[in-house]
Structures are given as structure tokens and as C-alpha cells.
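What follows is the residue order along each chain.
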Amino acid sequence: MPVDRPDALPAARRPHRIAGGQPGLLAPGATTDPYRLRLYRLLRTDYPLGYDPDLGAWLLSRYVDVALALTDPRFTGYPHDGAPRGRAPVPLGLCRGSLVCAPPAVPWRTAEPAVERTAYVLARRIAGRDRADLVADFCRWLPAGAAAAAAGLSYPDLSTLPRATRHRGGGAGDCSGPTGLREHALASFLANMLDDPDLLAAATAVATAGGAAGGTAGDAGGEGSATLLGRAWAETLRRDPPVQIVLRRTRTEVAVTGGTLPADAPVACLIGAAGRDPARFSAPDRFDPLRADADPLLIGPAGCPAALLGRLEAEHGLRALLTAMPGIRWADGFRPVAGGLLTRGPRTLLVHPS
């Protein structure tokens, strides 16, 4: 298969070039869509190692190199040595990379019913409308309710949840408080599911069966990871990660594809590029929950409270929507569009509830 070259791109989509012809990560248009701009592809194929002066970091875009930076003890967190290193929690997926991931205030089995109830309350509010925006009316509120549930509120009152709850900071090691990343991830998950009628039909069958297929967010790495919704959630974090760039720092010189990273150097791991590396994933741009080459590395630490809450929100959120409005579909003429480079997700999801 021929590789797209820079001179084959329309002028409006040619990435901004820096020294040596390397495309700049902060190029005009990259924040809108680095995939369509082919920025990630150009970096992977032609510039697997390069320094971006605007970002102030070396760029790694191939899966093999990003995986090395996320797991090898020769890399540490950025910008200080106290940040996670080696296989300690890395700020990936929904994890903020705290040194110690704090457990939730209440057990997950106790918090889960409140998360489920919150999802169904929100879904029923939308069901009677002619048109709704799932980002504004669902994705922004479900993580807030889930965060309240994780804090010990068995039945959070959505009408009293302040808007600031969605962005509040937690204590040391608390990943479950801030909810902005979970909003992005939930929106991407719902967009991917609504885009595939066959997949949505299968998910509807799961929802109407009451989730009898088994597995919850609390079953991290267990049998729950084999369920359709669990695999779709993991595939969303690979294909459309809410965090596109993770910063690391070398502790010594490290050989990677294309050259050698110097010691004590800031390194930008391009998660969005690595997750769609054709050298690691077949048909990497395709959303395929049943793919045989799924990789748990790109999901983040299995026991992270934010990761566990995120999956709860995705599974119960979709089931609630499909139960309340089994005929849900995109609004006429609408197509979901994601935005953002450092963090990324759809800005709106316009649907006809029935």
C-alpha cells in the first residue's frame, strides 16, 4: 500500500514545517484534527524521532517507542523525579498519574448502583425530546454524578450538583474528582457506538438483557473485560484517546527508532499516533471492539479510580440510553467531529432520541 507523502497533500492540509522539514506538532489545524491533517502519519513514517522547539520536547510517535517510554525505568515522569516512573501509574487514558492511586471512598460494588441510577435519570430526561445534544445533556453530567457517588453519596441529586463539581480537584492521589477527561472519553465512546448500526444493535440486545453478559468496571482485567461494552470502551481509548500526549523524561540516554534520546530530556509520547500505528494494529483507523490485537497498555493503570469510574459511566450510560430510547440515532445531517490536540473528544453529539 503506498504511503501518503507530504507533496501529495492539498496545500491547505500540509503540516507546518520546522527545522529539517519535520512537521510541527502545534501546526495550524492540528488541534482540529491531527489525523485528517496526516500529522501523526507523517511523524510515524518520516520523523519517528525529532525535536519540536515549540513544544520543547522530543517527539515519539511509533507504538514501539511510546510503549518503551511508558514502561521502561530509564524514563521517569515529567517534570520532576517524583513523578511516576517505570511501571508505576502513568498519566495515560483517564489516569492523572498520581504517585499513589487512592482507592474510592466507597467500594465499587456500592458505588455502581448510584452510577447506574444517575445514568437512567439523565436518559429519561432526554427521551421525550425531539432532539438532544448528548455532550451537553448527558456526558457532562454523568461523570459528575459518578464522582459524587464515589465520594460516598448513594443517590446524588443531579439538580444540586454544582457545575464546578465536574472540574474540582481531589486530594493527593485522587483521580476520580476531576471529570473533564471522562466527559471526552464518554462522548467518544458514544460517538463510536452510534456510528455503527450493527454494533449498536448488539449493544441494544445487551442492554435489554440487563447486562446479563456479565462484567463491570470493577472487574478490571477479569472476565468483564471480554464483554462487548468493555471491549468497545477499551477500543475507544486506543482509537480516540482523551489524552493525546503524555510527557516523560529520560534519566539516561535511550536508543529509539531514528536515533538516541539524550539524558535528562523531555519526551512527548504521542498516544494518538501510537494507538493508530499500522505496525502494531491492523486497520488502525477502524473502530473494532472485537479486534484480536487489542492492547491493555493504552488503557492506563488497571486499578486507577478514574479508569474504573470511566468504564462504569460508559457501560451504564449506553445501557441507560438504549433502554430509554432504543431508536436513538444521529440528528439529520449531523456527523460527530472531535477537537483538541492535548485532550480530545467530540464537542457535540446531536441525536434524535427516538
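Residues numbered from 1 in each chain as written. Predicted model: local features only at pLDDT ≥ 70, side-chain atom pairs only at ≥ 80, totals over all residues. Heavy atoms only, no water.

## Topic: the overall build of the chain
Convention followed: Secondary structure elements are taken from DSSP: a helix is a run of H or I of four residues or more, a strand is a run of E of two residues or more, and numbering for both begins at the N terminus. A 1.4 Å probe rolled over the protein chains alone gives each residue an accessible area, and that area as a share of the maximum for its type sets the label: buried under 20%, exposed over 50%, partly exposed in between. Residue burial considers only the protein chains on display, and all accessible areas are found by Shrake-Rupley using a 1.4 Å probe.
Counting its regular elements, the chain contains 10 helices and 12 strands. Looking at the chain residue by residue over its 354 residues, the buried ones come to 54%. If you sum the accessible surface of the chain, you get close to 14,800 Å²; carbon and sulfur atoms cover 54% of it.

## Comments concerning the environment of Cys-139
For the record, the criterion: The contact criterion used throughout is that any non-hydrogen atoms of two residues lie within 4.5 Å.
With respect to the secondary-structure elements, Cys-139 resides in helix 4 (residues 134–139). As for Cys-139 and Glu-313, which are separated by 174 residues in sequence, their C-alpha atoms are 9.0 Å apart. Excluding residues that lie within four positions of it along the chain, Cys-139 makes contacts with Leu-134, Glu-183, Leu-186, Ala-187 and Leu-190.

## Considering the packing of aromatic side chains
To keep things clear, this is the line we draw: Only Phe, Tyr and Trp rings are paired, with Trp represented by its six-membered ring, and only when their centres lie within 6.5 Å; those with planes under 30 degrees apart are stacked, over 60 edge-to-face, the remainder tilted. Should the NZ of a Lys or the CZ of an Arg lie within 6 Å of a ring centre and within 35 degrees of the ring normal, that charge is described as sitting over the ring.
A full pass over the atoms with the stated rule returns five aromatic pairs. Look at Trp-330 and Phe-334: their rings are 5.4 Å apart centre to centre, the planes differ by 55 degrees, and that puts the pair in the tilted class. Across the pair, exposure class does not vary: Trp-330 and Phe-334 are buried alike. In this structure, Arg-280 packs its charged tip against the face of Tyr-63, placed 5.3 Å from the ring centre.

## Structural notes on the sheet that holds strand 2 (residues 57–60)
Note the threshold: By definition, two strands form a pair when at least two bridges between them are found by DSSP. To get an axis, a line is fitted to the C-alpha atoms, and for a helix only the part in contact is used. The angle between two axes follows their N-to-C directions and goes from 0 to 180 degrees.
Spatial strand order, 1-2-8-5-3: five strands in an open sheet with mixed pairing. Because the sheet does not close on itself, it has two edges, and the strands there are strand 1 (49–52) and strand 3 (75–77). With strand direction ignored, the average angle separating the axes of adjacent strands in the sheet is 40 degrees. Here strand 2 pairs with strand 8 (residues 266–270) via three bridges, running parallel. Its bridge partner being in strand 8, Trp-58 is matched across the sheet by Val-267.

## As for the nonpolar core
For clarity, the cut-off: Only buried residues count toward a nonpolar core, which is a set of Ala, Val, Leu, Ile, Met, Phe, Trp, Tyr and Cys residues joined through side-chain atoms within 4.5 Å.
With 46 residues, the main nonpolar core has Leu-134, Phe-138, Phe-189, Leu-190, Met-193 and Leu-318 as its most contacted residues. Counting only elements with at least two residues in this core, the list comes to helix 3 (108–127), helix 4, helix 6 (180–194), helix 7 (197–208), helix 8 (228–239), helix 10 (305–324) and strand 12 (350–352). Ranked by residue count, the leading element in this core is helix 6, at eight residues. Sequence-distant contacts of Leu-318, defined by excluding residues within four places in its chain, comprise Phe-189, Leu-190, Met-193, Leu-200, Ala-203, Leu-229 and Glu-313. Judged by nonpolar contacts, the second largest core, of 19 residues, contains Leu-49, Val-246, Val-267 and Cys-269.

## With respect to helix 10
Note the following rule: Expected helix span is computed as 1.5 Å times (number of residues minus one).
Across its 20 residues, helix 10 extends 28 Å between first and last C-alpha, which sits within 8% of the 28 Å expected from 1.5 Å per residue. In terms of burial, helix 10 is a largely internal element, 18 of the 20 residues being buried.

## Concerning the confidence of the model for the chain
Quick reminder of the rule: Here pLDDT means the predictor's own confidence in every residue, given as a number from 0 to 100.
For the chain, the average pLDDT comes to 78, and 71% of its residues sit at 70 or higher. Contacts of residues 1–15 to residues separated by more than four positions or lying in other chains number 21 contacts, the stretch itself having pLDDT below 50. Every residue in residues 84–89 is under pLDDT 50, and counting partners more than four places away or in other chains gives 24 contacts.

## Points about the pattern of salt bridges
In plain terms, the rule: Any carboxyl oxygen of Asp or Glu that lies within 4 Å of a side-chain nitrogen of Lys or Arg is treated as forming a salt bridge with it.
A complete count under the given rule lists 14 salt bridges for this structure. In this structure, Asp-240 engages Arg-239 in a salt bridge whose closest nitrogen and oxygen atoms are separated by 2.8 Å. We note that Asp-240, like Arg-239, is buried. Connected via shared salt-bridge partners are Glu-235, Arg-238, Arg-291 and Asp-293.

## Description of the sheet that holds strand 4 (residues 132–133)
Pairing is antiparallel across the open sheet formed by three strands, whose spatial order is 4-12-9. Each end of this open sheet is capped by a strand with a single partner; those strands are strand 4 and strand 9 (329–330). Where strand 9 lies against strand 12, two bridges are found, and the strand directions are antiparallel. Note that in strand 12 the partner of Trp-330 across the bridge is Val-351.

## As for helix 6
Here helix 6 is 15 residues long and its end C-alpha atoms lie 21 Å apart, about the 21 Å a rise of 1.5 Å per residue gives. With 12 of 15 residues buried, helix 6 lies mostly within the body of the structure. Among the residues making up helix 6, those that are buried are Arg-182, Glu-183, Ala-185, Leu-186, Ala-187, Ser-188, Phe-189, Leu-190, Ala-191, Asn-192, Met-193 and Leu-194.

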